[in-house]
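Fold and geometry: a report
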Amino acid sequence: MKRTDPSAIILAHPDDDRFAFDLLDALQSENPGSEFLVNAALAPTPRFGTNSAPYLLIVSRSLLASNLYSAEIPRFEQASQRDQLLWIHIYPRNIQRPHPTHHYIQINDLDLSRNMGAVRRISRWIRERSFKALDDRDQPFDSSIFMEPVSHLGLPTRTRSLLFSSEIGLIGELVQFSEAALLRKSGLGRETLRQIKEALHARGLRLGMDVPGTTAHDLDDASFVKKTAVKVAQLEQSEGGATFEPDGDHFTIVSDATDDDRSIATKPIMRQLQQGLIDKARRFSGQVKRLDNQPGWTGIAHATTELTALLDQPAEDVSDALGFLYSKALELWSFVELDQRLVAGVESYAAPLDPELRRPLDDLVRNLSPWLRSFPSVRELDEESSNFLVKSADLQPTIGVLEAAREHLLILEDSAEVIKGLCAAAERGDYQGGKAGGIAKRSIINLVTITAVTTAAGIYSGAVAGDWGATSPLVHSGARFLTSAERDIGELLTHMPDMRYMIGAFVEEMEKNPPIPSTPASEVVLRPTRKPEPGNNE
């Protein structure tokens, strides 16, 4: 019987089956449409370690004390070495982890409704490693993988460029080549071939395959995509700004936290500093409320309140909020720079801060900055931002594209507020304001990039299938956004001529051959501007 592998399999000791099923429910809620299985007998299947689905191993006191664990440890080790198993530790922190080099997540609160940060980290780990394996014996195959661009294979930049120059833009095109045929392509040698074979194998694919349901002629007929969409689908988001990923019918800002960030966040000294910052932010938040209605100081109370909320969470989760924390730090620094200019006598309609407000603000930001720079990802972001300063006068295209994204519901309002706050900081501040402006601009460039990539891939899939209506609502919204914001996008990408030309050609081709019909106003479905909180059914 043919079947589809689950997204992940949860392995647990029988004593931990309740938590295992709670985790299953939380993961299914976080990943609608995905399937998760629980193996509460801790009896791996015969295909354990070769199954396409990754495994989640719940490591508890019961597990560590069991003979079954000792018997299965070699296979657990093998799966870990293949990066196919995540260790989820639910025992007290003071017990030494048995395998410190493995990927793991520590969960101290077994009530997952209060620990959704950990659930999101697990979900992200699964998404990064899940794939559908092709098993000629009894596994069906999801042919949509053939519609994905070759950039999804994780190949080195040079290899992707060689494939692109050979007009091989999609996985479905690549797998139909034999090894000999690839080696006849200009620049493709044995090392490149090895990289391609390994990348395909990791997705359960191989060279010389027949593409189920889609012929080479079908792929070649999509000339529109050949000339434009495939090129656009190779674009990648850049560092130094917020990065986005598709989330249903919109894009969300994703965390760029590293394992080093998470390790540092839980150090005792960092926990103490975090608590001190929470106390300082709370005190200043109470003092600064009256300033929010005064000229020049609008937004300072909101920024402080948001900072307090971001800081006031478990140390294990704070690493996932580092990008937002850095943005709020720049906002507050821009108010410090505004105050410094006012004290120096710069003419303005705003008045300088009273000393009783200046001191706590200065104290807050000067303690917040070194704490944030202790995290490697923030330190790298701050150094990049120092080399890419953008003044408010140069942010008009950024703001225009942001407003178009909001109009077409590409991002939720809370994500838009982050970018708006950075743009406002650029208008207030000098050096720190310039860093905020740079991050805002690069974040919007990344939003344009992921929108173009998603739209191109979706339109290609529709072109091959002959059914534009089958593409996702996000592809429809993305196509309209790219068309309506074409002028602002062109100005935004002035310093990136190759990307500007590529996206411009893509939009021009869509305007000549509209693949997606306009949506009548009566069919537009309004949705919330913010994600609902867990447990909130409103």
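Residues numbered from 1 in each chain as written. Predicted model: local features only at pLDDT ≥ 70, side-chain atom pairs only at ≥ 80, totals over all residues. Heavy atoms only, no water.

1. Some remarks on the overall build of the protein
Inclusion rule: Strands here mean DSSP runs of E at least two residues long; helices mean DSSP runs of H or I at least four residues long; both are numbered from the N terminus. Summary of the burial criterion: residues with accessible area below 20% of their type's maximum are buried, those above 50% are exposed, and those between are partly exposed, where the area comes from a 1.4 Å probe applied to protein chains only. In what follows, a contact means two residues having at least one pair of non-hydrogen atoms within 4.5 Å. Computed with a 1.4 Å probe, the accessible areas rest on the Shrake-Rupley method; for each residue, only the protein chains presented here act as cover.
Looking only at helices and strands, one finds 23 helices and seven strands in the protein. Across the 538 residues that make up the protein, the buried fraction comes to 50%. Sequence-distant contacts in the protein: of pairs separated by 6 or more residues, those separated by 24 or more amount to 74%. Element-wise, carbon and sulfur atoms account for 51% of the exposed surface of the protein, whose accessible area totals about 25600 Å².

2. Structural notes on the packing of helix 12 (residues 268–288) against helix 13 (residues 300–311)
Here is the rule: For every element, the axis is a line fit to its C-alpha atoms; helices are fit only across the contacting stretch, and the angle between N-to-C directions ranges from 0 to 180 degrees. These descriptions rest on fixed angle ranges, namely under 35 degrees for roughly parallel, over 145 for roughly antiparallel, 65 to 115 for roughly perpendicular, and the rest for oblique. Helix crossings fall into two classes, left-handed where the near helix is turned counterclockwise from the far one by less than a right angle and right-handed where it is turned clockwise.
Orientation of helix 12 relative to helix 13, taken along the N-to-C sense of each, is 155°, at an axis distance of 9 Å. When the interaxial angle is binned, helix 12 and helix 13 end up roughly antiparallel. Read as a crossing pair, helix 12 and helix 13 show a hand that is left-handed. Between helix 12 and helix 13, the residues in contact are Gln274, Leu277, Ile278, Ala281, Arg282, Phe284, Ser285 and Val288 and Ile300, Ala301, Thr304, Thr305, Leu307, Thr308 and Leu311, respectively.

3. Overview of unusual backbone geometry
Positive phi outside glycine occurs at Leu409, with the angle close to 60°. If you trace the backbone, Leu409 turns up in the loop between helix 18 (396–407) and helix 19 (413–428). Since its relative accessible area comes to 30%, Leu409 is described here as partly exposed.

4. A short note on the sheet that holds strand 2 (residues 36–39)
Sheets are built from strands that pair by backbone hydrogen bonding, the pairs being arranged parallel or antiparallel. To keep things clear, this is the line we draw: When DSSP finds two or more bridges between two strands, those strands count as paired.
Strand order across the open sheet formed by five strands is 2-1-3-4-5, with parallel pairing between neighbours. Since the sheet does not close on itself, it has two edges, and those belong to strand 2 and strand 5 (104–106), each with one partner. For this sheet, the mean angle separating the axes of adjacent strands, direction not counted, is 20°. Judged from the three bridges that link them, strand 4 (residues 85–89) and strand 5 form a sheet pairing that is parallel. Pairing of Ile88 across the sheet is with Ile105, part of strand 5.

5. A look at the nonpolar core
This is how the line gets drawn: Here, the term nonpolar core denotes a set of buried Ala, Val, Leu, Ile, Met, Phe, Trp, Tyr and Cys residues that are joined through side-chain atoms within 4.5 Å.
Among the nonpolar cores identified, the biggest contains 85 residues, and Leu325, Trp371 and Phe481 are the most heavily contacted of them. Leave out the neighbours within four places in its chain, and Trp371 touches Met270, Leu273, Gln274, Leu277, Leu311, Val318 and Leu325. Membership of the second largest hydrophobic core comes to 24 residues, among which are Ala12, Phe19, Ile90 and Ile122.

6. What about the pattern of salt bridges?
Worth spelling out the cut-off: For this analysis, a salt bridge means a side-chain nitrogen from Lys or Arg found within 4 Å of a carboxyl oxygen belonging to Asp or Glu.
In total, this model carries 21 salt bridges according to the counting rule given. Between Arg282 and Asp312 there is a salt bridge; the shortest N-O distance is 2.6 Å. Of this pair, Arg282 sits in helix 12 while Asp312 sits in the loop between helix 13 and helix 14 (315–318), and the two are 30 residues apart along the sequence. As a salt-bridge pair, Asp382 and Arg373 come within 2.7 Å of each other at their nearest N and O atoms. Among the residues examined, Arg373 registers a relative accessible area of 31% and is labelled partly exposed. One connected set of salt bridges, linked through shared partners, spans Arg121, Arg124, Arg262, Asp317 and Asp320.

7. Digging into the packing of helix 15 (residues 322–343) against helix 16 (residues 355–373)
Their axes nearest at 10 Å, the elements helix 15 and helix 16 cross at an angle of 140°. Relative to helix 16, helix 15 is oriented oblique. Pair helix 15 / helix 16 crosses with left-handed handedness. Contact with helix 15, carried on its side by Leu322, Leu325, Tyr326, Ala329, Leu332, Trp333, Phe335, Val336, Asp339, Gln340 and Val343, involves Arg358, Leu361, Asp362, Leu364, Val365, Arg366, Leu368, Ser369, Trp371 and Leu372 of helix 16 and no other residues of that element.

8. Notes on helix 18
Cut-off, in case you're wondering: Take the number of residues in a helix, subtract one, and multiply by 1.5 Å to get its expected span.
With twelve residues, helix 18 should cover 16 Å at 1.5 Å per step; its first-to-last C-alpha distance of 17 Å lies within 8% of that length. For helix 18, the complete set of buried residues consists of Pro397, Thr398, Gly400, Val401, Leu402, Ala404 and Ala405. Just beyond helix 18, the residue with positive phi is Leu409, at close to 60°.

9. Concerning the pairing of strand 7 (residues 250–254)
With five of five residues buried, strand 7 lies mostly within the body of the structure. Across five bridges, the pairing between strand 6 (residues 243–247) and strand 7 is antiparallel. Among the inter-strand pairings, Asp247 is bridged to a residue of strand 7, identified as His250. Hairpin remark: strand 6 followed by strand 7, antiparallel, with two residues in the connecting loop; positive phi at Gly248, about 70°.

10. As for the side chain of Thr159
Worth spelling out the cut-off: Pairs of N or O atoms within 3.5 Å make up the polar contacts considered here, provided that, within protein, one atom can donate a hydrogen while the other can accept it, and that residues adjacent in sequence are counted only when both atoms are side-chain atoms.
Along the chain, Thr159 falls in helix 5 (residues 157–165). Since its relative accessible area comes to 2%, Thr159 is described here as buried. Only 2.5 Å separates the side chain of Thr159 from the side chain of Gln195, close enough to count as a polar contact. Not counting residues up to four positions away in its chain, the partners in contact with Thr159 are Thr192, Gln195 and Ile196.

11. Description of the pairing of strand 4
Of all the five residues making up strand 4, five are buried; the element is thus mostly covered by neighbouring parts of the structure. The alternating pattern of strand 4 places Leu85, Trp87 and His89 and Leu86 and Ile88 on opposite faces, both of which are buried. As paired elements, strand 3 (residues 55–59) and strand 4 share five bridges and run parallel to each other. The residue bridging Leu57 from the neighbouring strand is Trp87, located in strand 4.

12. Focus on the packing of aromatic side chains
Condition: Here the aromatic set is Phe, Tyr and Trp, taking the six-membered ring for Trp, and pairing holds for ring centres within 6.5 Å; pairs whose planes are under 30 degrees apart are stacked, those over 60 apart are edge-to-face, and all others are tilted. Consider the ring centre and the ring normal. A charge sits over the ring if Lys NZ or Arg CZ is within 6 Å of that centre and within 35 degrees of that normal.
Going through the model one piece at a time under the given rule, you end up with two aromatic pairs. Geometrically, the ring pair formed by Trp297 and Phe335 is stacked, given 5.8 Å between the ring centres and 20° between the ring planes. A residue pair is termed long-range when its members are at least 10 positions apart, and Trp297 in the loop between helix 12 and helix 13 and Phe335 in helix 15 qualify at 38 residues. We classify Trp297 as buried; its relative accessible area is 1%. Residues Trp371 and Phe375 carry aromatic rings whose centres are separated by 5.3 Å and whose planes lie at 85° to one another, so their mutual orientation is edge-to-face. Classification of Phe375 as buried rests on a relative accessible area of 0%. If you follow Arg428 out to its NZ or CZ, it ends over the ring of Phe335, 3.7 Å from the centre.

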